[in-house]
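# Coordinates in review
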Amino acid sequence: MNKKKFGLRVAAVCFLFIAIWLLQRLLMPKYVSAIVEGSLIEEYYREETSHDVIFVGDCEVYENISPIALWDNYGITSFIRGGAQQLIWQSYYLLEETFKYEKPEVAVFNILAMQYDEPQSEAYNRLNLDGMRMSKEKIKSINASMMEDEHLAEYLFPLLRYHSRWNELSWEDFKYIFNKDKISHNGYYMRVDIQPVKTIPKPKKLPSYEFGEKAWEYLNRMVELCKENDVQLVLIKAPSIYPHWYDEWDAQIKEYSEEHDLLYINLLQKADEVGIDYNTDTYNGGLHLNISGAEKVAVYLGNILKETYGLKDHRDEPELSSVWQEKSRFYNEMREKQLRELEEYGYLKSLGVEKRED
Amino acid sequence: MLFASYNFIVFISVLFIIYYIIPKKYQWVLLLLASYLFYFFAGPSYLIYIAATTISTYIAGRMIGNIAQSQARYLSEHKKELTRGEKRVYRDRQKSKMWRWLLACLLFNFGILAVVKYSNFVIANINHISKAVGGTGGFSFWNIALPMGISFYTFQTMGYIIDVYRGKYSPEKNIFKLALFVSFFPQLVQGPISRFDDLSQTLFKEHPFEYRNISFGLQRIVWGYFKKVVIADRIMVAVNTLIKDPETYQGAFALVGMLFYAFQLYADFTGGIDITIGIAEVLGIKVKENFDRPYFSKSIAEYWRRWHITMGTWFRDYLFYPLSTSKGMMKIYKFTRQHFNPYLGKRIPVYISTIIVWFTTGLWHGSSWNFIVWGLMNCFVIVISQELEPLYSWFHSKVRIGNTIGFRVFQVIRTVLLLSAIRMFDCYRDVPTTFRMFGSMFTVFNYRELFNGSMLNLGLSMADYGVLLLGLVILLTVSLVQRKGSVRAQLASRPHLIRYAIYYALLIAILIFGAYGVGYDSSQFIYNQF
C-alpha cells in the first residue's frame with residue numbers, strides 16, 4: 001500500500017469517528033430546559049478551585065442545600081455531587097472519583113439512598129452516570145447500577161442509547177452540541193417558587209425495615225474511603241417530609257454512626273431548629289425545599305460543620321473570593337430571573353415546569 | 001449470544017484480531033474454540049447435543065471410510081482370484097455394513113432432532129386425538145429446550161455422512177476438524193447448510209491477512225445489519241401487533257400484515273446470511289450463497305431455487321433424488337404405470353416424492369401444523385403450476401406478451417403475493433385462523449382505515465414508516481444493481497469519495513435508525529428457531 005493510499009484510509013477512518021462523535025453529541029439529551037437534573041453531575045468538572053465540603057446523595061441534597069449560602073455565611077466552599085434518585089453506590093463512586101481531583105475536609109452523604117439495595121431505573125441511572133467523565137470509577141458505578149436490560153456499551157457509547165432521539169431533536173440539541181450554559185449553583189438546583197405542605201402521604205408499610213446488604217456494604221466502603229483519604233464523613237437526613245423516613249431506619253443509622261464515630265444529623269427532626277417553615281420553604285409540598293429553605297439548611301449545617309471540623313473561612317482569600325463572587329452573582333441573577341418569571345407566568349416556564357392548577 | 005447484540009460484535013471483533021495475530025496453522029483451532037464458546041453462550045447444556053452429533057458422525061464416517069478402504073484393498077489384492085459374481089457379493093456385503101453404520105448415524109441424529117423438536121408436537125396431537133375419541137388426552141409435555149441451530153447442523157452433518165457413504169469424498173480423519181465443520185459459528189444459527197467438500201476447502205486452510213477479504217467481508221456484515229436492525233426489527237413491531245390480534249386486524253390489515261411479514265422475513269433472513277457470509281469472508285472462508293434475489297422470481301418453483309438455496313438443494317440431493325429412485329418408489333411407478341394412463345403413471349410417483357419432500361420441508365421449519373400446511377401449500381402451487389404448463393404455453397402462443405416487461409413485472413408481483421399469502425401460515429397461531437385471516441382480505445372491506453391514521457396504532461410512527469420506506473427503496477435498488485454482478489465489486493471501482501460516502505451512510509444509518517437498544521425488544525433472527 002503506498003503512502004497516499006494509507007493516508008487516505010487513515011483520514012477516512014478519522015472522519016468516520018469524528019462524524020460519529022458529532023452525532024453522539026447531537027443526539028445526547030442536553031438537559032437544559034427540561035429535566036435539568038441531568039446536567040448536575042457534569043458541572044463539577046467546570047470547577048476551577050477545590051472545595052471544603054462535598055455533598056453526595058439524591059435530590060435531598062441538590063435541592064435542599066445552597067452552597068452559595070454556605071459561602072456567604074461562613075466562607076465555606078462546597079459542591080453538591082448529587083443526582084436524581086442517586087443510589088448509594090453511585091454516591092460512593094462519585095466520592096471516589098472526586099478524591100482523585102481534590103481532598104475536601106468533609107464529605108456529606110444524605111442517607112435516604114440507603115433504602116435502595118438494587119438498581120431502580122434506567123432513566124435515573126442515566127441522570128447520574130452520563131455526566132461523569134470516563135474513568136474506572138464511572139465504569140464501576142455503571143456496572144453496579146445497570147438494570148437487566150441495560151448494557152455497558154450503551155454507557156460507553158451513548159449514541160447506542162440515544163440514537164432513537166433522531167426524530168425528536170430540537171433547536172436546543174443543535175445549540176448546545178458543544179457547550180451548555182451552567183444551570184446549577186455548585187450542584188444546587190435552585191427553585192424560588194412556593195407550594196406549601198398541604199397533605200403528607202401516609203407512609204407505606206414495608207415488608208422489612210432493615211436496610212439491604214448492598215446498601216450497608218457501600219456505606220462501609222464510603223466510611224473506609226473517607227478514612228483512607230483523611231476526609232470526615234457526615235451523614236445527614238435532609239428535611240424533606242417525604243419519601244417517609246422511618247424511625248426504624250433512623251435507629252439503624254444512629255447506631256451505625258455511633259459505632260463508627262460519625263456525625264449524623266437528622267435535619268428532618270431538627271426542622272424547627274433549622275427554621276424551616278413548610279408553608280413557605282418548599283416548592284412541592286414538602287418533597288423538596290425552595291431557595292429559602294435551602295439557605296436555612298445551609299446556614300444551620302454550615303455552623304455545625306464549621307464548629308465541628310474547624311472549617312476555614314475563605315472569604316478573605318482574594319482568588320477564592322473573586323470566584324465565589326461570580327458564583328453569587330449568577331445565583332442572584334437566577335433568583336431574580338425566576339422571580340420575574342413567577343410574576344409574569346405564575347410558574348417557572350424556563351425550567352419546563354408545568355403550570356399548577358391550584 | 002444474538003448476532004444483533006453488542007456482545008456478539010465484541011466477540012467477532014476480538015476474534016478477527018486474534019485470528020490474524022496467531023500462527024496461521026492454528027487459525028482453524030481458534031475457530032473451533034470460538035464456535036464452542038459461542039455455542040456455550042447459547043446454553044452450556046446444548047454443547048452435549050452438538051458434541052454427540054459430532055462424535056457419532058465421526059465414528060460412523062470413519063467406520064464407513066474404513067470399510068470402503070478395506071473393500072478397495074481387498075478387491076485390488078484379489079483382483080484376479082475373484083469372479084465378477086464374487087466381487088459383487090463382496091461389494092454388497094460391504095455396502096450393507098456401510099449402510100448399517102449410515103442408518104445408525106442417521107437414526108441417532110435425526111432421533112435427537114425428533115425428540116427435542118417434535119416430541120411435544122406429537123404429544124399435543126396424541127392428546128388431541130385422545131380427547132376427540134373420548135379419552136383424557138392427559139399426556140404431559142416434555143420440558144425440553146431446543147438447542148440452537150440443531151436443524152441446521154443436523155442437516156449439514158447428515159449431508160456429510162451421506163456423502164461419505166456415497167463415496168463422494170473420504171471421511172475427515174481429524175475429529176476436531178469435523179467438529180469445526182459441524183459447529184462453525186457464523187452459520188450455526190441459521191445456515192447456510194454447507195457441504196463438507198465446499199466448506200472444507202477454505203475452512204481448514206491458512207488465511208493470510210488480505211485487505212480485500214476484510215473490506216468486502218465487513219461491507220457484507222454492515223449490509224446484513226442494515227437489513228436486520230433498520231428494516232426487519234422495525235417492521236417486526238407492526239407485524240407482531242397485527243398477527244397477535246387477528247380479531248382486531250382483519251381485512252386490509254391482514255393484507256398489510258402479510259406484506260409486512262414478507263419484507264420482514266426477507267430482510268431478517270437475508271440480513272442474517274449476509275452477516276454470516278461476511279464474517280466468514282473476513283476470516284478468509286468461503287460460504288455458499290443462500291439467496292439469489294428471490295423476490296424477483298417469476299414462479300414459486302423459481303423462487304424456491306433462489307430462496308434458502310442450500311436447504312432446497314439439501315432436500316433435493318438427500319431426500320428427493322434418493323426417494324424418487326428408491327426401490328419402493330420404483331414399485332409404485334410400476335403399479336401406477338399398470339393401473340393409470342402413461343402420463344399419470346409417470347407423474348404419480350413424482351407427486352408422491354414431491355409431497356413427502358414438502359411435508360418434510362414444512363416439518364423442518366417448525367413443529368406445528370402451520371408449517372406442515374405451509375409446506376404442502378407450496379407443494380400444491382408448484383404441482384399445479386407444472387400441470388398447467390401446457391395451458392400457459394398455449395396461452396402464450398396465442399397472446400404474445402411473455403417477453404414484455406409488463407408481463408414479467410406482473411409475474412414477479414404475482415409470485416411475491418402468492419408466496420406471501422402462503423407465508424401467512426408462519427404468522428398466525430393456527431391453521432384455521434390463517435385461513436380465516438386470508439379470507440378476511442376479501443370479505444372485510446376496511447381498506448379505507450389504512451388511511452385514517454390506524455396504521456399509526458401498529459407501534460410505528462410516521463418517522464418509522466419513512467425510515468422503512470427508505471430502507472425498502474435501498475433494498476430494491478441494491479437488488480437491481482446486483483443484476484450486473486457483485487455490488488461490492490462495482491462499488492470498489494468507484495471513486496473513493498463516493499465509495500466511502502456510501503459505506504459511511506450505511507453504517508450511520510444502522511447506528512441512528514437501527515431498532516436496537518433500550519426501548520426496542522432485541523429480536524432473534526426468525527430462522528434461529530428452525
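If you're wondering where the values come from, they're calculated on a predicted model, not measured in any experiment.

## Topic: the overall build of chain A
Summing up its helical and strand segments, chain A has 15 helices and five strands in all. Its C-alpha radius of gyration of 21 Å places chain A within 12% of the 21 Å reference for a compact globule of 358 residues. Across its three principal directions, the C-alpha atoms of chain A cover 75 × 50 × 50 Å. Within chain A, the fraction of its 358 residues that count as buried is 56%. Contacts in chain A between residues far apart in sequence, at least 24 positions, make up 82% of those at least 6 positions apart. By element, 52% of the accessible surface of chain A is carried by carbon and sulfur atoms, the whole surface being about 16,700 Å². Taking the average place of the 43 positive charges on the side chains of chain A and the average place of its 60 negative ones, the gap between the two points comes to 8 Å.

## Re the pairing of strand β1 (residues 53-57) of chain A
All names here are of chain A. For β1, the tally of buried residues reaches five of five residues, placing the bulk of the element in the interior. Examined bridge by bridge, β1 and strand β2 (residues 78-82) share five bridges and lie parallel to one another. In the sheet register, V56 faces β2, and the bridge partner there is R81. Of the strand pairs in this sheet, β1 and strand β3 (residues 106-110) are connected by four bridges, and their pairing is parallel.

## Describing the pattern of salt bridges
Two side chains of opposite charge can pair, provided their charged atoms sit close to one another. Scanning the model with the defined rule gives 39 salt bridges over all chains in all. Across the pair D317 of chain B and R195 of chain B runs a salt bridge whose closest N-O atoms are separated by 3.0 Å. Residue D317 of chain B is located in helix α11 (residues 309-324), and its partner R195 of chain B is located in the loop between α6 (175-183) and α7 (196-203); the two are separated by 122 residues in the primary sequence. Residue class for D317 of chain B comes out buried when judged on its relative accessible area of 15%. Residue class for R195 of chain B comes out buried when judged on its relative accessible area of 12%. Each of the salt bridges in this network shares a partner with another, and the network as a whole consists of K30, R165, E168 and D173 of chain A.

## Observations regarding unusual backbone geometry
The step from Y242 of chain A to P243 of chain A runs through a cis peptide bond, and the omega angle for that step is 5 degrees. Within the element layout of this structure, P243 of chain A appears in the loop between β4 (232-237) and α12 (247-259). Geometrically, the link from G191 of chain B to P192 of chain B is a cis peptide bond, its omega value of 0 degrees lying close to zero. Inspection of the secondary structure assignment puts P192 of chain B in the loop between α6 and α7. Within the chain, R293 of chain B stands out as a residue other than glycine whose phi angle is a positive 45 degrees. You can see R293 of chain B is positioned in the loop between α9 (252-282) and α10 (300-306). With phi around 45 degrees, H308 of chain B is a residue other than glycine that occupies positive phi space. The residue H308 of chain B is located in the loop between α10 and α11 in this model.

## Details of a nonpolar patch on the surface
All names here are of chain B. Among the surface-exposed residues, F380, I384, L388, L391, Y392, W394, F395 and V399 lie close enough to one another that they form a single nonpolar patch of about 730 Å² accessible area. For the nonpolar patch, the secondary structure elements donating two or more residues are α14 (369-387) and α15 (389-398). The dominant element in the nonpolar patch, judged by the number of residues it contributes, is α15, at four residues.

## Overview of the pairing of β4 of chain A
Residues and elements named next belong to chain A. Among the six residues in β4, five count as buried, and that is most of the element. Sheet topology note: the β4/strand β5 (residues 263-266) ladder contains four bridges and is parallel. Directly across from L235, in β5, lies its bridge partner Y264. After leaving β4, the chain enters α12 and then returns to the sheet as β5, a path that is right-handed.

## Considerations on the nonpolar core
In terms of nonpolar packing, the biggest core is built from 139 residues, with I161, F184 and I285 of chain B touching the most fellow members. Looking at this core, the element that brings in the most residues is α9 of chain B, giving 18 residues. Built from parts of two domains, this core gets at least three residues from each of domain 1 (44-183) and domain 2 (311-429) of chain B. Ignoring any residue separated from it by four or fewer positions in sequence, one finds F184 of chain B in contact with L31, S35, L199, L203, A280, L283, I285 and V287 of chain B. Listed in part, the 55 residues of the second largest apolar core include I65, V108, Y189 and L289 of chain A.

## Observations regarding the sheet that holds β4 of chain A
All names here are of chain A. Reading across the sheet, the five strands line up as β2-β1-β3-β4-β5 and stay open at both edges, with parallel pairing between neighbours. Where the open sheet ends on each side, the last strands, each with one partner, are β2 and β5. Pairwise comparison of adjacent strand axes, ignoring direction, gives a mean angle of 20 degrees for this sheet. Its contacts with the sheet put helix α11 (residues 213-228) on β3 and β4, and the angle it makes with β4 is roughly 145 degrees.

## Concerning a positive patch on the surface
Taken together, the side chains of R408, R483, K484 and R494 of chain B present a region of like positive charge at the surface. With respect to the helices and strands, the residue R483 of chain B is situated in the loop between α18 (462-482) and α19 (487-492).

## What about the domain arrangement of chain B?
Residues and elements named next belong to chain B. As assigned here, chain B comprises domain 1 (44-183) and domain 2 (311-429). Summarising the inter-unit geometry, the C-alpha centres of domain 1 and domain 2 are found 28 Å apart. Listed per partner, the contact involves 14 residues of domain 1 and 13 residues of domain 2. When the buried surface of domain 1 facing domain 2 is broken down by residue, Y118, F121 and F155 rank first, second and third, together holding 49% of it.

## Overview of the environment of V373 of chain B
Residue and element names in this part refer to chain B. Mapping V373 onto the fold places it in helix α14. Given the relative accessible area of 19%, V373 is considered buried. It is 42 Å that separates the C-alpha atoms of V373 and A505, two residues lying 132 residues apart in sequence. Setting aside residues no more than four positions away along its own chain, V373 makes contact with F425 and V431.

## Here's the deal with the packing of aromatic side chains
All names here are of chain B. Within this structure, the stated rule accounts for 72 aromatic pairs over all chains. Between W28 and F204, the aromatic rings sit 6.4 Å apart at their centres with planes inclined by 80 degrees, giving edge-to-face as the arrangement. With a gap of 176 residues between them, W28 in helix α2 (residues 27-42) and F204 in the loop between α7 and α8 (211-244) connect regions that are remote in the sequence. Taking the centre distance of 4.1 Å and the plane angle of 35 degrees together, the rings of F155 and W314 count as tilted. Taken together, the positions of F155 in helix α5 (residues 150-165) and W314 in helix α11 put the pair 159 residues apart, joining distant regions of the chain. Here the two residues F155 and W314 agree in accessibility, since each one is buried. Put simply, the rings of Y266, F269, F291, Y295, Y303, W304, W307, W358 and W374 pair up and form one aromatic cluster.

Basis of the calculations
Residues numbered from 1 in each chain as written. Chains lettered and ligands numbered in written order. Predicted model: local features only at pLDDT ≥ 70, side-chain atom pairs only at ≥ 80, totals over all residues. Heavy atoms only, no water. Helix = DSSP H or I, 4+ residues; strand = E, 2+ residues; numbered from the N terminus. Rg over C-alpha atoms; globule rule 2.2 N^0.38 Å. Buried < 20%, exposed > 50% of the residue type's maximum accessible area, 1.4 Å probe, protein only. Contact = heavy atoms within 4.5 Å. Areas by Shrake-Rupley, 256 points an atom, 1.4 Å probe, with all protein chains shown as cover. Lys, Arg positive; Asp, Glu negative; His and termini not counted. Charge placed at Lys NZ, Arg CZ, Asp CG, Glu CD. Pairing = 2+ DSSP bridges. Salt bridge = Lys/Arg side-chain N within 4 Å of Asp/Glu carboxyl O. Patch = residues over 30% accessible without salt bridge, like charges linked within 9 Å, V, L, I, M, F, W, Y side chains within 5 Å. Right-handed = clockwise from strand over helix to strand, strands pointing away. Core = buried A, V, L, I, M, F, W, Y, C linked by side-chain atoms within 4.5 Å. Domains from an automatic or database assignment. Axes fitted to C-alpha atoms, helices over the stretch in contact; angles between N-to-C directions. Buried area = accessible area lost by both parts, 1.4 Å probe. Phe/Tyr/Trp six-rings, centres within 6.5 Å; stacked < 30°, edge-to-face > 60°.

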